[in-house]
Amino acid sequence: MFDATNGEISKALVTLAIEKTLLNMGKPVLDEVAHRLFTNYKCFIPDCHEHPEYLKSVLKELYGNCYSNIVESIKKSLDEFATKKSIEHFLMVISE
Amino acid sequence: MQTNLEKSQIKKYLLLSILGTGFIMLLANFAGQEVRTLITNLLYVPVPGALVVLSIIIAVRFSVKGEHGRAWILFVGVSVSWFIAEQIWLVNDLVYHIDPFPSLADFFYLAGYPFLFLFSIYYLKPVKGAISKKTLTYVSLTAITLLVPSLYMASGQDSQISDFELALALSYPIADGIVLIPALIGVILFFRGEVNFLWSLICIAIILNVVADTGFLITSMNGSYYMGHPIDMLFLWAYILFSFGVYSHIQIFKKHHPHIKSQSIDDLR
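Residues numbered from 1 in each chain as written. Chains lettered and ligands numbered in written order. Predicted model: local features only at pLDDT ≥ 70, side-chain atom pairs only at ≥ 80, totals over all residues. Heavy atoms only, no water.

**Student:** Describe the overall build of chain B, and please don't skip the residues or the numbers.
**Tutor:** Helix and strand counts for chain B come out as nine helices and zero strands. Listed N to C, the secondary structure of chain B is α-α-α-α-α-α-α-α-α in terms of helices and strands. A compact globule built from 269 residues would reach a C-alpha radius of gyration of about 18 Å, and chain B, at 20 Å, matches this within 12%. In terms of overall dimensions, chain B has C-alpha extents of about 75 × 40 × 30 Å along its principal axes. Put simply, chain B has 269 residues, and 49% of those count as buried. For chain B, the share of sequence-separated contacts (at least 6 apart) that also reach a separation of at least 24 residues comes to 75%. Across chain B, the centroid of the 16 positively charged side chains sits 20 Å from that of the 16 negatively charged ones. (Helix = DSSP H or I, 4+ residues; strand = E, 2+ residues; numbered from the N terminus. Rg over C-alpha atoms; globule rule 2.2 N^0.38 Å. Buried < 20%, exposed > 50% of the residue type's maximum accessible area, 1.4 Å probe, protein only. Contact = heavy atoms within 4.5 Å. Lys, Arg positive; Asp, Glu negative; His and termini not counted. Charge placed at Lys NZ, Arg CZ, Asp CG, Glu CD.)

See the structure below:
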């Protein structure tokens with residue numbers, strides 16, 4: 001039996017939303033984002049839950065200032081969980 | 001990951017390719033009609049050929065999955081169609097010495113346009129949030145405004161041409177007008193500083209191709225077109241810009257060592 005804390009569940013949900021959105025664009029996009037997160041910040045996709053600014057910066061590097069559609073897609077995936085405090089924080093930072 | 005050095009190298013090679021092609025065309029124009037025709041026709045083998053190879057590489061990398069994958073498959077459709085068209089043109093001109101218009105080449109040229117339009121829609125999709133309705137309206141109006149003179153010229157062709165030939169001649173400006181809309185949007189995004197130069201290369205290439213098509217139409221109408229005309233340089237430059245646009249994506253989405261993906265959702269289970 002796996003007992004997850006609220007924080008872990010939020011982290012898993014955020015990770016799933018990011019991975020699903022990037023995979024919808026193409027696997028090389030997910031790979032490139034993961035690679036840049038690791039190269040620039042020594043972090044992995046699940047760490048974006050605590051550091052949404054890293055993901056934001058990587059998406060900006062890849063797509064310039066027009067990455068809003070990707071953010072919208074991530075937001076849409078997390079819509080029903082948006083009231084969770086940590087997810088709310090993630091969405092707030094990434095949408096700024 | 002594409003470093004600043006790689007980006008500046010791509011730009012350097014792009015400039016060299018453009019200057020190199022221009023120089024070859026210039027020399028060919030000084031060397032007499034036969035050499036000019038031969039060299040210009042032969043340039044249409046490696047230049048569009050390189051685009052086919054690069055577009056296949058990026059399509060294989062994205063392996064049809066995802067929005068980018070679908071976009072690049074459509075782009076393979078463009079590059080292959082236009083490559084076949086160029087080769088048919090070359091054979092008609094160099095081997096059979098017949099007027100390449102109208103010919104099977106036109107079928108392949110025109111077949112590339114729906115692929116190009118659908119590709120550009122997918123290409124702009126990640127940045128669609130930055131495209132306002134106002135921009136879309138202005139761009140569409142600009143494309144229609146530019147389309148009208150071309151249509152007028154194409155329809156005013158020699159009355160001795162058949163209805164089929166007239167329809168064919170009219171198809172090009174219409175197709176150009178349609179693909180011009182997403183291309184202009186891409187370039188506007190670049191000038192607004194929303195996307196980088198290498199990203200917008202494909203959109204610039206589409207615009208250059210439309211300019212070349214219009215130039216070809218005008219010079220064909222007034223009878224001043226010949227193989228090796230400066231208009232051909234624009235077509236070749238458009239292929240080069242397309243190729244470098246695709247190449248920059250190959251550089252961005254390089255294959256990475258699998259260890260980086262090692263922590264993902266699976267590690268949270």
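**Student:** Explain the nonpolar core residue by residue, including any values.
**Tutor:** In terms of nonpolar packing, the biggest core is built from 102 residues, with Phe90(A) and Trp72(B) touching the most fellow members. A per-element tally of this core places helix α9 (residues 230-252) of chain B first, with 14 residues. When neighbours within four sequence positions are excluded, Trp72(B) is seen to be in contact with Ile58(B), Ala59(B), Phe62(B), Phe119(B), Tyr123(B), Ile202(B), Val246(B) and His249(B). (Core = buried A, V, L, I, M, F, W, Y, C linked by side-chain atoms within 4.5 Å.)

**Student:** For the confidence of the model for chain A, give the residues involved together with the corresponding values.
**Tutor:** For chain A, the average pLDDT comes to 88, and 96% of its residues sit at 70 or higher. Of all secondary-structure elements in chain A, the lowest mean pLDDT belongs to helix α4 (residues 68-77) of chain A, at 86, while helix α2 (residues 27-41) of chain A reaches the highest, 94. (pLDDT = per-residue confidence, 0-100.)

**Student:** Report on the packing of helix α6 (residues 133-155) of chain B against helix α7 (residues 163-191) of chain B, specifying residues and quantitative values.
**Tutor:** All names here are of chain B. Orientation of α6 relative to α7, taken along the N-to-C sense of each, is 155 degrees, at an axis distance of 9 Å. Between α6 and α7, the angle is such that the two are roughly antiparallel. With respect to the hand of their crossing, α6 and α7 are arranged in right-handed fashion. Between α6 and α7, the contacting residues are Thr135, Leu136, Val139, Ser140, Thr142, Ala143, Leu146, Leu147, Ser150, Leu151, Ala154 and Ser155 on the first element and Leu166, Ala169, Leu170, Pro173, Ile174, Gly177, Leu180, Ile181, Leu184, Ile185 and Ile188 on the second. (Axes fitted to C-alpha atoms, helices over the stretch in contact; angles between N-to-C directions. Parallel < 35°, antiparallel > 145°, perpendicular 65-115°, else oblique. Left-handed = near helix turned anticlockwise from the far one by under 90°.)

**Student:** Tell me about the interface of chain B and chain A, and name the residues and values.
**Tutor:** Taken together, the contact between chain B and chain A spans 32 residues of the former and 32 residues of the latter. Taken together, the two surfaces of chain B and chain A that pack against each other cover about 2700 Å², and 63% of this comes from carbon and sulfur. Taken together, the connections running from chain B to chain A amount to zero salt bridges. Where chain B touches chain A, the interface holds four residue pairs in polar contact (both at pLDDT 80 or more). Secondary-structure elements contributing two or more residues to the side of chain B that touches chain A are α3 (46-62) and α4 (66-95) of chain B. Looking at the side of chain B that touches chain A, the element that brings in the most residues is α4(B), giving four residues. When its residues are assigned to classes, the side of chain B that touches chain A shows 12 nonpolar, 11 polar and nine charged. (Buried area = accessible area lost by both parts, 1.4 Å probe. Salt bridge = Lys/Arg side-chain N within 4 Å of Asp/Glu carboxyl O. Polar contact = N/O pair within 3.5 Å; in protein donor to acceptor, adjacent residues only side chain to side chain. Nonpolar A, V, L, I, M, F, W, Y, C, P; charged D, E, K, R; others polar.)

**Student:** Can you lay out the layout of surface pockets for me, pointing to particular residues and giving the numbers?
**Tutor:** Residues and elements named next belong to chain B. Here the largest pocket defines a volume of roughly 840 Å³. Along the walls of the largest pocket sit 35 residues, with Trp89, Phe101, Phe216, Ser220 and Tyr225 positioned nearest its centre. When contributions to the lining of the largest pocket are tallied by element, the ones reaching two or more residues are α4, α5 (104-124), α7, α8 (197-221) and α9. Sort the elements by how many residues they give to the lining of the largest pocket and α8 lands first, with seven residues. Classifying every residue of the lining of the largest pocket by side-chain character gives 20 nonpolar, seven polar and eight charged. (1 Å grid on protein atoms, 1.4 Å probe; cavity = no way out; pocket = protein on both sides within 12 Å on 5 of 7 lines; lining within 4 Å. Points joined across faces, edges and corners; volume = space filled by probe spheres on them.)

**Student:** Give me the side chain of Asp47(A): which residues, what numbers.
**Tutor:** All names here are of chain A. In this structure, Asp47 sits in the loop between α2 and α3 (52-63). Here Asp47 is buried and forms no salt bridge, its nearest opposite-charge partner Lys11 lying at an N-O distance of 4.2 Å. Polar contacts involving the side chain of Asp47 include one to the main-chain amide nitrogen of Phe44, which spans 2.7 Å.

**Student:** Tell me about the confidence of the model for chain B, residues and numbers included.
**Tutor:** All names here are of chain B. For chain B, the average pLDDT comes to 88, and 93% of its residues sit at 70 or higher. The spread of mean pLDDT over the elements of chain B runs between α6, the lowest at 89, and α3, the highest at 96. For this predicted complex, the interface score ipTM comes out at 0.83, while the overall pTM is 0.89.

**Student:** An account of the packing of aromatic side chains is requested, with residue identities and associated values reported.
**Tutor:** In total, this model carries 19 aromatic pairs over all chains according to the counting rule given. Ring geometry for Trp82(B) against Tyr113(B): centres 5.5 Å apart, planes inclined by 65 degrees, an arrangement best described as edge-to-face. A residue pair is termed long-range when its members are at least 10 positions apart, and Trp82(B) in helix α4 and Tyr113(B) in helix α5 qualify at 31 residues. Aromatic side chains Trp82(B) and Phe242(B) sit 6.3 Å apart centroid to centroid with 65 degrees between the ring planes, which places their arrangement in the edge-to-face category. Remark: Phe242(B) occurs in helix α9 and Trp82(B) occurs in helix α4; sequence separation between them is 160 residues. Each member of the pair, Trp82(B) as well as Phe242(B), is classed as buried. Counting every residue linked through ring pairs, the aromatic cluster contains Trp72(B), Phe75(B), Trp82(B), Tyr113(B), Phe119(B), Tyr123(B), Trp199(B), Tyr239(B) and Phe242(B). The ring centre of Phe38(A) lies 5.4 Å from the NZ or CZ of Lys42(A), which sits over that ring. Positioned over the ring face of Tyr13(B) is Lys12(B), at 5.7 Å from the centre of the ring. (Phe/Tyr/Trp six-rings, centres within 6.5 Å; stacked < 30°, edge-to-face > 60°. Lys NZ or Arg CZ within 6 Å of the ring centre and 35° of its normal.)

**Student:** A description of the pattern of salt bridges should follow, citing residues and the corresponding values.
**Tutor:** Enumeration according to the criterion identifies six salt bridges over all chains in this entry. Put simply, Asp31(A) and Lys27(A) hold a salt bridge, and the shortest N to O gap is 3.4 Å. With Asp31(A) and Lys27(A) both in helix α2 and four residues apart, this pair spans about one turn of that helix. Relative accessible area serves as the criterion here: at 16%, Asp31(A) is assigned to the buried category. Salt-bridge contacts for Glu67(B) lead to Lys125(B); the nearest nitrogen and oxygen are separated by 3.4 Å. Linking Glu67(B) in helix α4 with Lys125(B) in the loop between α5 and α6, this pair joins segments that are 58 residues apart in sequence. The exposure class assigned to Lys125(B) is partly exposed, which follows from its relative accessible area of 28%.

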